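Here is how the chains run, residue by residue.
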Amino acid sequence: MKIIPLRPEDRPRWEVLARGYKAFYDTPTSDAEYAAAWQRLLAGDRVHGLGGFIDDQLVGIAHYLFHSSVWAESNCYLQDLFTLPSARDRGVGGALIEAVAEQARGRGAARYYWLTQEHNATARALYDKVASHAGFIRYDFQVRAG
């Protein structure tokens, strides 16, 4: 297994994974939004992407970003983590989490965190092994009219 930054040639396999992620969370996403997300990931200036490879096949992705807060200059947010169902229980998710942690350490991040839905038992089983649940509840406020 290897974990490396996403490369231009990874686009077709990345999109399979990204679409799987968005389908899991029932988040409709247009082709234009996938294209824009890919361009942001390749630019790597505000958001970043890593790929998890087994036998040179992209089987997992991690998207993350850094941001400041009132209390810290740098925090790392793991926005998306997804592996192909056929690659689960092979250490890809944990390796991607650790690779992002290395980036967070390198940037001096005060905090590294992520969210998941309560019903995501598969992911939560992994997360409970590698991190602690802080007990927060997330609320979303609709900022766009409609």
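Residues numbered from 1 in each chain as written. Predicted model: local features only at pLDDT ≥ 70, side-chain atom pairs only at ≥ 80, totals over all residues. Heavy atoms only, no water.

Draft legend 1. Geometry of the environment of Thr116. Secondary-structure assignment places Thr116 in the loop between strand E5 (111-114) and helix H4 (121-130). On a C-alpha basis, the gap between Thr116 and Asp128 in space is 12 Å, while along the polypeptide they are twelve residues apart. Each residue touching Thr116, except ones within four places of it in the same chain, is listed here: Tyr25, Ala123, Arg124 and Tyr127. A polar contact is formed between the side chain of Thr116 and the side chain of Tyr25, at a distance of 2.8 Å. Of note is the side chain of Thr116, whose polar atom sits 3.1 Å from the side chain of Asn120. (Helix = DSSP H or I, 4+ residues; strand = E, 2+ residues; numbered from the N terminus. Contact = heavy atoms within 4.5 Å. Polar contact = N/O pair within 3.5 Å; in protein donor to acceptor, adjacent residues only side chain to side chain.)

Draft legend 2. How the structure looks around the nonpolar core. Formed by 36 residues in total, the largest nonpolar core has its most connected members in Trp14, Ile61 and Leu78. Of all the secondary-structure elements, those providing two or more residues to this core are helix H1 (11-24), helix H2 (31-43), strand E2 (47-54), strand E3 (57-67), strand E4 (75-83), helix H3 (92-106) and H4. When residues in this core are grouped by element, the largest group, seven residues, is from E3. Setting aside anything within four residues of it in sequence, one finds Trp14 in contact with Leu6, Tyr34, Ala37, Trp38, Leu41, Leu58, Ile61 and His63. (Core = buried A, V, L, I, M, F, W, Y, C linked by side-chain atoms within 4.5 Å. Buried < 20%, exposed > 50% of the residue type's maximum accessible area, 1.4 Å probe, protein only.)

Draft legend 3. View of the packing of H3 against H4. Their axes nearest at 10 Å, the elements H3 and H4 cross at an angle of 50°. Our classification of the angle between H3 and H4 gives oblique. Seen along the crossing, H3 lies across H4 with a hand that is right-handed. In this structure, H3 uses Gly93, Gly94 and Ile97 to contact H4, whose residues at the interface are Leu126, Tyr127 and Val130. Residues of the contact of H3 with H4, tallied by class, amount to four nonpolar, two polar and no charged. (Axes fitted to C-alpha atoms, helices over the stretch in contact; angles between N-to-C directions. Parallel < 35°, antiparallel > 145°, perpendicular 65-115°, else oblique. Left-handed = near helix turned anticlockwise from the far one by under 90°. Nonpolar A, V, L, I, M, F, W, Y, C, P; charged D, E, K, R; others polar.)

None of the figures reported here should be taken as evidence of function without further support.
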